[in-house]
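Single-letter residue listing:
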Amino acid sequence: MKTDNAKIKSGLITSVIFGSILIFAVITVLIGVSFGSKNINMADCLHIILGKTFHFDLDENLSRDVTILWNMRMPRMLLALAAGGGLALGGCAMQALTQNVLADPYVLGISSGASAMVSLAFLIFGGTAIISYVTPVFAFAGALLAMFLVYGIGMISGNSSTNNLILTGMAISVILNAASNFIITLLPNAFIMESAAMWLWGSLSGARWYNIAFPIFVSMISLIVLSVAGDRFDLLSLGEETAVTLGVSTKIIRRFTIIIVSLLIGAIISASGLIGFVGFIIPHTCRIIFGSKNRKLMLFSYIIGGIFLAWMDILSRTLLAPKEIAVGIFSAFCGGPFFIYLLYRKNKTGRI
């Protein structure tokens, strides 16, 4: 009886925390669409959002604010939530698969494949690549190419162990990063090089209603699919031999995770560029707060990851407004010190 009461109490606390985080996510979106190079007061924000959502007639004096808020900032905030959540989710999955809390969703070289193909897109199409579907298509294709290379080469020896795949991913990353840097040196002018660099640093400035549906859809589906598999990841944490005796096919879960994470990160990169550290910081922080049960961990990491990236985006376009800084720079500023803290904690306590 006491056990049942404890479970009910724990469930209620989790529900309250989850609801509070969701409310904070809504508040974050409202702040995100309100602030920028031109601030819009909260009353007008709510009026515009309700008007566009329920098709109310809006005051013509708000037409400029409508364009800024609804056509530019709202898609940007939604993409930030989906991209941040997806990166954190991918980090959770890779950490569970590798049993290494320092793993991130880029560990298999997916980002390197995307950056190499995007650099090639700028070389072929010039500055027009940034304002069309060319960059997302090339980025997604590059991410899939890296996945096939890593898995194909990693399977040549017949050893598809996680460590072998990670080592193969590191080797492929080095090659593709070198290719990306070489192609960038061939870009014809400073404007195109700056556009390529902005993408490589990560930016949500290109988010519009017509190009955010795909990454949001893939992000949500990946959350559902990986969360359903959360119990199997929990068994995998007991060791591969133990997991096998408990009915988990490690080969299938490995292949399944690599494919899902590759598709997820490829979709996110195609829309936002390379944004680092989110997939590393958020899962580890959530693990400390909420425990290591993967189903709960993935859900909380997804929501908190989205909120985190949304705030990074708000800072990137408000601190030096009207000049905008790549959002990946802010995530790196947070990720670097956090990584140093983890190293300090490991050296002091013997655990991460």
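All of these numbers come straight from a predicted model, not from anything done at the bench.

A.B. asks: How should I be thinking about the overall build of the protein chain in this particular structure?
C.D. replies: On a plain count of helices and strands, the protein chain comes out with 14 helices and 0 strands. Along the chain direction, N to C, the helices and strands of the protein chain fall in the order α-α-α-α-α-α-α-α-α-α-α-α-α-α. Taking 20 Å as the expected radius of gyration for a compact globule of 352 residues, we find that the protein chain reaches 21 Å, a close match to that expectation. With respect to the principal axes defined by its C-alpha atoms, the protein chain has extents near 65 × 65 × 40 Å. Within the protein chain, the fraction of its 352 residues that count as buried is 49%. Restricting to contacts in the protein chain with at least 6 residues of sequence separation, those with at least 24 account for 75%. Of the charged side chains in the protein chain, 23 are positive and 14 negative, and the gap between their average positions amounts to 11 Å.

A.B. asks: Sorry if this is basic, but what is going on with the nonpolar core here?
C.D. replies: One recurring pattern in soluble globular proteins: nonpolar side chains tend to sit buried together. Membership of the largest hydrophobic core comes to 98 residues, with the highest contact counts inside it found for V33, L69, L108, W199, I265 and I269. Among the elements that take part in this core, helix 3 (residues 63-98) stands out by supplying 18 residues, more than any other. Once you skip the residues sitting within four places of it in the chain, W199 turns out to touch A114, S115, V118, T135, A139, I269, G273 and L274.

A.B. asks: Honestly, the packing of aromatic side chains in this entry has me stumped. Any pointers?
C.D. replies: Each aromatic ring pair is specified by the distance between its two centres and by the angle formed by the two planes. Taken as a whole and judged by the stated rule, the model has 8 aromatic pairs. Taken together, the aromatic side chains of F18, F290 and F300 make up a single cluster linked through ring pairs.

A.B. asks: Even after reading the chapter, I still don't get unusual backbone geometry, so can you show me in this structure?
C.D. replies: With the exception of glycine, the majority of residues adopt a negative phi angle, and the majority of peptide bonds are in the trans configuration. Even without glycine at this site, H55 takes up a positive phi of about 60°. For H55, the location among the structural elements is in the loop between helix 2 (42-54) and helix 3. Here H55 falls in the exposed class, since its relative accessible area comes to 69%. With a phi angle near 55°, Q99 is a residue other than glycine that sits in the positive phi range. Among the structural elements, Q99 can be located in the loop between helix 3 and helix 4 (110-125). Among the residues examined, Q99 registers a relative accessible area of 44% and is labelled partly exposed.

A.B. asks: Any chance you could explain the environment of R287 here in plain terms?
C.D. replies: Residue position: R287 is located in helix 12 (residues 278-290). Separated by 186 residues in sequence, R287 and V101 have C-alpha atoms that sit 9.3 Å apart. Side chain to side chain, R287 and Q95 meet in a polar contact 2.8 Å long.

A.B. asks: I keep staring at helix 2 and nothing clicks. Help me out?
C.D. replies: Counting along an α-helix, one turn takes 3.6 residues, and residues three or four places apart therefore face a common direction. Its 13 residues give helix 2 an end-to-end C-alpha distance of 18 Å, which sits within 8% of 18 Å, the value for a rise of 1.5 Å per residue. Among all positions in helix 2, only C45, I48, I49 and G51 are buried. Take helix 2 and look down its axis: the buried residues cluster within an arc of 165°, on one side only. Looking at helix 2, the residues exposed on the side facing more than 90 degrees away from the buried face are A43 and F54. Put simply, N41 is the residue that caps the front of helix 2, since its side-chain oxygen is 3.2 Å from the backbone nitrogen of A43. Directly after helix 2, the chain includes H55, whose backbone phi takes a positive value near 60°.

A.B. asks: I tried to follow the packing of helix 5 (residues 134-154) against helix 6 (residues 162-185) on my own but got confused; where do I start?
C.D. replies: How two helices pack is summed up by the angle between their axes together with the distance between the axes. Contact geometry for helix 5 and helix 6: axes closest at 9 Å, N-to-C directions at 130°. Relative to helix 6, the element helix 5 lies oblique. In the packing of helix 5 onto helix 6, the handedness of the crossing is right-handed. For the pair helix 5 and helix 6, contact is made by A146, L149, V150, Y151, I153 and G154 and by N164, L165, T168, G169, I172 and L176, respectively. Looking at side-chain class alone, the contact of helix 5 with helix 6 contains 8 nonpolar, 4 polar and no charged residues.

A.B. asks: How should the environment of Y106 be read in this particular structure?
C.D. replies: Relative to the elements of secondary structure, Y106 occurs in the loop between helix 3 and helix 4. The buried category is assigned to Y106, whose relative accessible area is 14%. The residues touching Y106, leaving out its near neighbours within four places in the chain, are L87, S111, I265, I269, L274, I275 and G276. Only 2.9 Å separates the side chain of Y106 from the backbone oxygen of I275, close enough to count as a polar contact.

A.B. asks: How do you make sense of the pattern of salt bridges when you look at a structure like this?
C.D. replies: Side chains that differ in charge, positive against negative, can pair when their charged atoms come close. The tally for this structure, following the rule as stated, stands at 5 salt bridges. Of the charged contacts in the structure, one is a salt bridge between R295 and D231, with a shortest N-O distance of 3.2 Å. Placement of the pair is R295 in helix 13 (residues 294-318) and D231 in helix 9 (residues 230-236), with a sequence separation of 64 residues. D231 sits in the partly exposed class, given a relative accessible area of 43%. A salt bridge links D313 to R317; its shortest N-O distance comes to 3.2 Å.

A.B. asks: Help me understand a nonpolar patch on the surface, please; the structure alone is not making it clear to me.
C.D. replies: A cluster of nonpolar residues, M42, L46, L50, F54 and F56, forms a patch on the protein surface that exposes about 480 Å² of accessible area. Within the element layout of this structure, F56 appears in the loop between helix 2 and helix 3.

About the thresholds
Residues numbered from 1 in each chain as written. Predicted model: local features only at pLDDT ≥ 70, side-chain atom pairs only at ≥ 80, totals over all residues. Heavy atoms only, no water. Helix = DSSP H or I, 4+ residues; strand = E, 2+ residues; numbered from the N terminus. Rg over C-alpha atoms; globule rule 2.2 N^0.38 Å. Buried < 20%, exposed > 50% of the residue type's maximum accessible area, 1.4 Å probe, protein only. Contact = heavy atoms within 4.5 Å. Lys, Arg positive; Asp, Glu negative; His and termini not counted. Charge placed at Lys NZ, Arg CZ, Asp CG, Glu CD. Core = buried A, V, L, I, M, F, W, Y, C linked by side-chain atoms within 4.5 Å. Phe/Tyr/Trp six-rings, centres within 6.5 Å; stacked < 30°, edge-to-face > 60°. Polar contact = N/O pair within 3.5 Å; in protein donor to acceptor, adjacent residues only side chain to side chain. Expected span 1.5 Å × (residues − 1). Arc of directions from axis to C-beta. Axes fitted to C-alpha atoms, helices over the stretch in contact; angles between N-to-C directions. Parallel < 35°, antiparallel > 145°, perpendicular 65-115°, else oblique. Left-handed = near helix turned anticlockwise from the far one by under 90°. Nonpolar A, V, L, I, M, F, W, Y, C, P; charged D, E, K, R; others polar. Salt bridge = Lys/Arg side-chain N within 4 Å of Asp/Glu carboxyl O. Patch = residues over 30% accessible without salt bridge, like charges linked within 9 Å, V, L, I, M, F, W, Y side chains within 5 Å. Areas by Shrake-Rupley, 256 points an atom, 1.4 Å probe, with all protein chains shown as cover.

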